[in-house]
Every structure is written in structure tokens, then in C-alpha cells.
Amino acid sequence: MPLTYWAEYAWLDGTVAAGVTITAGADGRIAGVGTTGAGTTGTTGITGTTGTPQPPPGAVVLRGLTLPGLANAHSHAFHRALRGRAQTGHGTGGGGAPRSFWAWRDVMYRAAARLTPDGYHALARAVYAEMALAGITCAGEFHYLHHAPGGTRYAEPNVMGEALIAAAAEAGIRLTLLDTAYLAAGFPEGTGGAGRTGRPLEGPQLRFGDGTAEAWAERAAALKPADHARIGAAVHSVRAVPAVGLPVVAAWARERGAPLHVHLSEQTAENDACRRAHGRTPARLLADHGVLGPDTTAVHATHLTAGDIGLLGGSRTGVCMCPTTERDLADGTGPAVRLRDAGSRLSLGSDSHAVIDLLEEARAMELDERLASRTRGHWTAAQLLRAAGADGHAALGWPEAGRIAPGALADLTTVALDTVRTAGPPPRLAAEAAVFAATAADVRHTVVGGREIVRDGAHLLVDDVPRALAKSVAALLDADGG
């Protein structure tokens, strides 16, 4: 049976419209969009004016600015357990915060070593519920924690990935499981590494590996999509997948029409090691082995040469920026403007979940560029909303999402316009208020497939999300003092 929502304000085709009805069909798609016209009484609570549109009888009211659902294009769910533990000395042996990405990675590996399928399900369910509370309706999970400690395969080889798919369903969001090839601990030593397999995995990394790209492809092929979940592929990085394996992963994705993601040039040390081993940059190595293209998304792309930018833009490879993680790990600010101008579609991700807030990621892309360039106005609010919505969904293989229009998925996010952060601007500037002032705490309602998941800031499927997060993190890290 169709369900009608009434949005006080809605973001339609790049403009703010008042009094919008959105009808969700039984198939979870938008069946119709219309306006209710002006009413004769009442106020908006924002401008104090009368004669505002009124909801039709029986409609579910969405007060605030309703946007297409937000897409988190890059997630590592288990990294959420590190929040507050890896930014300071707490939980790192008392020696202070990890002072580099590589030291932070050691802390992350210790968490990865402890996860079980049940523990991962509980943690991911809570993390995806936190995403729903932040207005995220679809996430791309960059999943490489495949096997048991020591690298032994579980009886069901994809049990960890299936735990993530189930967790997303229970939290009410869509998921693209980007099953990730992670085969080596780093580049082979010395030069001329094109035909070699790289340094062997060890310690917690053994859980990530399938041995060869062909073995990865065989296991990944057994993953099954669901109504709420699609399967994609990922190359962890050029340091973790030997060059001979890159075409295997790329072909697996292309044969299935699946999205392909890859960490790219997050660290200058990776670039230097790649040049030593292969005599070229990571971007050139990916291009030479058929990885780049319009269905590929490079994540971070922080330290690029002008030639690298040309390769990405010229191949229409997308780029996912993760500003809050890049700043938390002191990675640097990527050349987002130059990538956009070269032809790359930009999306956004919360990556390590130092915070989960796509509105913050969106404005950070603009504000970080202002710091780097000392100029303003690189993106409009409309362009940033597209990166957080339609372009993020496209990067995750959900091109039918990210807009409020008939035929699109009925995924909606409503941002309150009457909080201490958002009150004041006239309704015509509601998008600017949402992007440049609102936070995840201002998300009031979240709808996925026409079904309410968050109502008035409360998750309707997962009871007490903060408690669920605390419990799952404590079970993972606090047994021995974490």
C-alpha cells in the first residue's frame, strides 16, 4: 500500500520547495512527487510567516529540510571501536597518541585480531544504526577482515561479510559490500617488483588474505546480494595487492558490472615504495593494469602528481574524499578541486569513523580547500549535497538512489531547521544551513525504501544505539583493558 510523506521543505532539482508530498510505493520506490499548495493557517516555525503549505490528511509529516538519503561511500565498520582510543594516549599503552598513520595502523590491527563473526555483527549493527541516525541510508563497506585468526578459513568462508550484510538489514540501511583483496604486507624489497608477490602477511594481517587474487575471486563470487545489499570489489591498495593480481580483481568487477574501489596514495611512503618497486606512481600502476575507469572509485587520492590527476580524470575514475579521517590521521588534504576539474566524480566517506557525519564531510571538503588555497567558494551547497547523495550512491552501484523523483528509491533524510545550529536563515537558504551549519545531531528523520528508520531522532529498529555501541566496543577491547 502506498505511503505518503509530506515534507515541510524538500530539495528538488537543486532548489528548496515548500510543502512537498512524496508517495512511496510498495516496491520501495518513489511513486509520485507533488506540492500541496499554500494553507490558510499555521507557521513554519522558521520564518514566522503565515499561509504556509499544510500536510494532507493521513500523510507522515517530515518537519525540516528533506534531502535524498546520504551515501557513505567508504566505511570500515570495526574502526569505530577506536574512536576516543587512538586520538590520545588512552588505550595505546600510555605513550601518547599514535604519531603517524603507520602507528595508528598497529592499534587498528590489534582490534582486528579480536573480532569474531558474532562480535563483528553486533558492532556493525550498532555502527550502521549510528549511520542511520546521521541520515545515511547507504554505506559502502570496504571489507577485508575475511578469515579467522591466523588466516584459517571459517567453515563458511564468507561468514564475516555475511555478518555485515545482516547487520545492515537489522539497522535498516542499504549496503554495498566491497569485498577487498588484501594479499601482501607491502611491496617486494628492492626494484623490479612487477612479477613478485610482495612481502608475506603476518600477525593480524593473516586474517585478511586469500593467498592469491584467483582465490580471492573464487571466495568473493560466493557472496550473495540481497534486496538491501549489493556486492562490489576492492583492491586494498597497490602495496597490498601485487601487480599481477590487479587485473584479476578488475576483471571480476567488470564482468559483474560491480563497483570497484581502491585506496590510493593515502601516504607519501606508499608512493615512494611503489616507485622503488615498480618505477611508477600507484595511479600509473593501476592505470597500466586496467583498474581505472568510470566504475572505479579511488579513496583518499591525497598525494598525487599532476600526471596522476590527469590519469584519474581522463579515465573518469571517481574519487572518494574522507576529510575527517584524513585530518584525524594527519594524512593531508587531497587535490579535490583539481580532480573535479580533471573529470573525476567526487563522493564522501567517513572511513575510520572518527565521527560519522556526512554533513561534516561535505563542508570539510570545501573548508579544507579554503585553508589550503586561502580562497572561498570552490563548491556550492548543491554540489556538496550531490557528492554526499547521488554521486556517492553511484559510486556504490545504486544509481537509482540520491534524488527525490518518481522511480528513484524512496530514501530520505530530514534535517531540522529549528535547532541552535540551523535556526535563522530563510527557507530558500535551507540547503546552505544544512551543509554549512548542521551536524548529524540535527537529522530528525530517516526513511529507507519508504520505511521510517529514524523518527524524531530515535532509531526505530535498534534500541538505545549508544548503549549498543558501548557494549559492542567494550566486548571487543575492554576484556584486558583495551
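Counting restarts for each chain: residues are numbered from 1 in the order of the written sequence. Residues qualify for local features only when their pLDDT is at least 70, as the model is predicted, and side-chain atom pairs are given and counted only at 80 or more; totals for whole chains, interfaces and linings, by contrast, use all residues. Just so you know, side-chain values use all the structure's heavy atoms and leave hydrogens and water out.

Describing the overall build of the protein chain
Under the scheme used here, helices are H or I runs from DSSP no shorter than 4 residues and strands are E runs no shorter than 2 residues, and both carry numbers assigned from the N terminus. Within the protein chain, the regular secondary structure consists of 15 helices and 16 strands. With respect to the three principal axes, the spread of C-alpha positions in the protein chain is 75 × 45 × 45 Å. Counting contacts in the protein chain only where the partners sit at least 6 residues apart, residues at least 24 apart contribute 73% of the total. Of the roughly 17,700 Å² that the protein chain leaves accessible, carbon and sulfur atoms contribute 53%. With 43 positive and 47 negative side-chain charges, the protein chain shows a separation of 2 Å between the mean positions of the two kinds. We call two residues contacting when some pair of their heavy atoms lies within 4.5 Å. We get accessible surface area from the Shrake-Rupley algorithm with a probe of 1.4 Å; when it comes to residues, only the shown protein chains can shield them. All tallies of charge rest on Lys and Arg as positive and Asp and Glu as negative; His and the ends of each chain are not included. For charged residues, the charge sits on one atom: NZ in Lys, CZ in Arg, CG in Asp, CD in Glu.

Things to note about the pattern of salt bridges
Salt bridge criterion: a side-chain nitrogen from Lys or Arg within 4 Å of a carboxyl oxygen from Asp or Glu. Under the counting rule described, the total for this entry stands at 25 salt bridges. The salt bridge involving R230 is made with E400; its shortest N-O contact spans 2.6 Å. Taken together, the positions of R230 in strand β8 (residues 229-235) and E400 in the loop between α13 (390-395) and β13 (412-415) put the pair 170 residues apart, joining distant regions of the chain. Note on classification: 1.4 Å probe, protein chains only; a residue is buried when its accessible area is under 20% of the maximum for its type, exposed when over 50%, partly exposed between these limits. Overall, the relative accessible area of 28% leaves R230 in the partly exposed class. Note that R455 and D456 form a salt bridge whose closest N and O atoms lie 3.9 Å from each other. You can call R455 partly exposed: its relative accessible area is 24%.

Concerning the environment of K471
Positionally, K471 belongs in helix α15 (residues 465-477). Take K471: its relative accessible area is 58%, and that puts it in the exposed class. Sequence separation between K471 and L371 is 100 residues; the distance between their C-alpha atoms is 38 Å.

Points about helix α2 (residues 117-133)
For α2, spanning 17 residues, the distance from its first C-alpha to its last is 24 Å, which sits close to the expected 24 Å at 1.5 Å a residue. Those residues of α2 that sit buried are P117, Y120, L123, A124, A126, V127, Y128, A129, E130, M131 and A132. In the segment just after α2, G135 is the residue with positive phi, at about 85 degrees. Each residue after the first adds 1.5 Å to the expected span of a helix.

A few points about the layout of surface pockets
Of the voids in this model, the largest pocket is the one considered here, and its volume is about 300 Å³. Of all the secondary-structure elements, those providing two or more residues to the lining of the largest pocket are α3 (159-171) and β15 (451-455). Here the lining of the largest pocket is built from residues that sort into ten nonpolar, six polar and four charged. Whether a set of points on the 1 Å grid over the protein atoms alone is a cavity depends on a 1.4 Å probe fitting there but being unable to get out, while an open set qualifies as a pocket with protein on both sides within 12 Å along at least five of seven lines; lining residues are those with an atom within 4 Å of a point. Grid points are joined across faces, edges and corners, and a volume is the space filled by probe spheres set on the points. All residues other than Ala, Val, Leu, Ile, Met, Phe, Trp, Tyr, Cys, Pro, Asp, Glu, Lys and Arg, Gly among them, are scored as polar; the first ten of these are nonpolar and the last four charged.

Quick notes on the packing of helix α4 (residues 213-221) against helix α5 (residues 246-256)
Angular values range over 0 to 180 degrees, each being the angle between N-to-C directions of two axes fitted as lines to C-alpha atoms, with helices fitted over their stretch in contact. Axis separation between α4 and α5 bottoms out at 9 Å; the angle between their running directions is 30 degrees. Overall, the two elements α4 and α5 adopt an arrangement that is roughly parallel. As for the relative orientation of α4 and α5, their crossing is right-handed in sense. In contact with A213, E214, W216, A217, A220 and A221 of α4, α5 contributes V248, V249, W252 and R256. We call two directions roughly parallel when the angle between them is under 35 degrees, roughly antiparallel when it is over 145, roughly perpendicular when it lies between 65 and 115, and oblique otherwise. A clockwise turn of the near helix away from the far one marks a right-handed crossing, whereas an anticlockwise turn of less than a right angle marks a left-handed crossing.

Notes on unusual backbone geometry
In this structure, D13 takes a positive phi of about 50 degrees despite not being glycine. Note on placement: D13 falls in the loop between β1 (3-12) and β2 (15-24). Judged by relative accessible area, D13 falls into the exposed class, the value being 82%. In the Ramachandran plot, S265 falls in the positive-phi region, its phi being about 50 degrees despite a non-glycine side chain. Position of S265 among the secondary structure elements: in the loop between β9 (260-264) and α6 (268-278). On the basis of relative accessibility, which here comes to 0%, the residue S265 falls in the buried class.

Brief notes about the nonpolar core
A general tendency of soluble globular proteins is for nonpolar side chains to be buried together. What we call a nonpolar core is a set of buried Ala, Val, Leu, Ile, Met, Phe, Trp, Tyr and Cys residues that are connected through their side-chain atoms within 4.5 Å. One finds F78, Y128, L175, L312 and M365 to be the most contacted residues of the largest nonpolar core, which totals 133 residues. Per-element accounting of this core gives the leading share, nine residues, to α2. Beyond its immediate chain neighbours, meaning those up to four positions away, L312 contacts L264, L292, A298, A301, L304, T317, V319, L339 and S344. Listed in part, the 16 residues of the second largest apolar core include A7, I22, I30 and A408.

Here's the deal with the packing of α2 against α3
Taken N-terminus to C-terminus, the directions of α2 and α3 make an angle of 35 degrees; their axes are 8 Å apart at the nearest point. Crossing hand, α2 versus α3: right-handed. Here P117, Y120, H121, A124, R125, Y128, A129 and A132 of α2 come into contact with α3, specifically with V159, M160, A163, L164, A166, A167, A168, E170 and A171. In the contact of α2 with α3, the residues fall into 14 nonpolar, one polar and two charged.

Considering the packing of aromatic side chains
Note on aromatic contacts: the rings of Phe and Tyr and the six-membered ring of Trp form a pair at centre separations within 6.5 Å, being stacked when their planes are under 30 degrees apart, edge-to-face when over 60 apart, and tilted otherwise. Tallied over the entire structure, the rule returns seven aromatic pairs. With 5.5 Å between their ring centres and 45 degrees between their planes, Y144 and Y182 make a pair best called tilted. Separated by 38 residues along the polypeptide, Y144 in the loop between β6 (136-143) and α3 and Y182 in the loop between β7 (174-181) and α4 bring together distant segments of the chain. In this pair, the class of Y144 matches that of Y182, namely buried. A ring pair is formed by Y144 and F208, whose centres lie 4.8 Å apart and whose planes are at 75 degrees; its orientation type is edge-to-face. Taken as a pair, Y144 in the loop between β6 and α3 and F208 in the loop between β7 and α4 lie far apart in primary sequence, 64 residues in all. F208 carries the same exposure label as Y144, and that label is buried.

Some details on the confidence of the model for the protein chain
Each residue carries a pLDDT score, the predictor's own confidence in it, on a scale running from 0 to 100. Per-residue confidence for the protein chain gives a mean pLDDT of 92, with 91% of residues at or over 70. Within the protein chain, the element-level pLDDT minimum falls on helix α1 (residues 101-112), averaging 75, and the maximum on β7, averaging 99. Counting interchain partners and residues more than four positions distant, the pLDDT-below-50 stretch residues 38-50 has 28 contacts. Note that residues 89-95 has pLDDT below 50 and, in this model, 13 contacts with residues that lie over four places away or in other chains.

Looking at α6
Residues of α6 that are buried: E270, N271, A273, C274, A277 and H278. All buried residues of α6 fall inside an arc of 170 degrees around its axis, so they share one side. The inward-facing, buried residues of α6 abut β9 and α7 (282-288). Phi for G279, located one or two positions after α6, is positive at around 70 degrees. Taking the helix axis as origin, the arc is that swept by the directions to the C-beta atoms.

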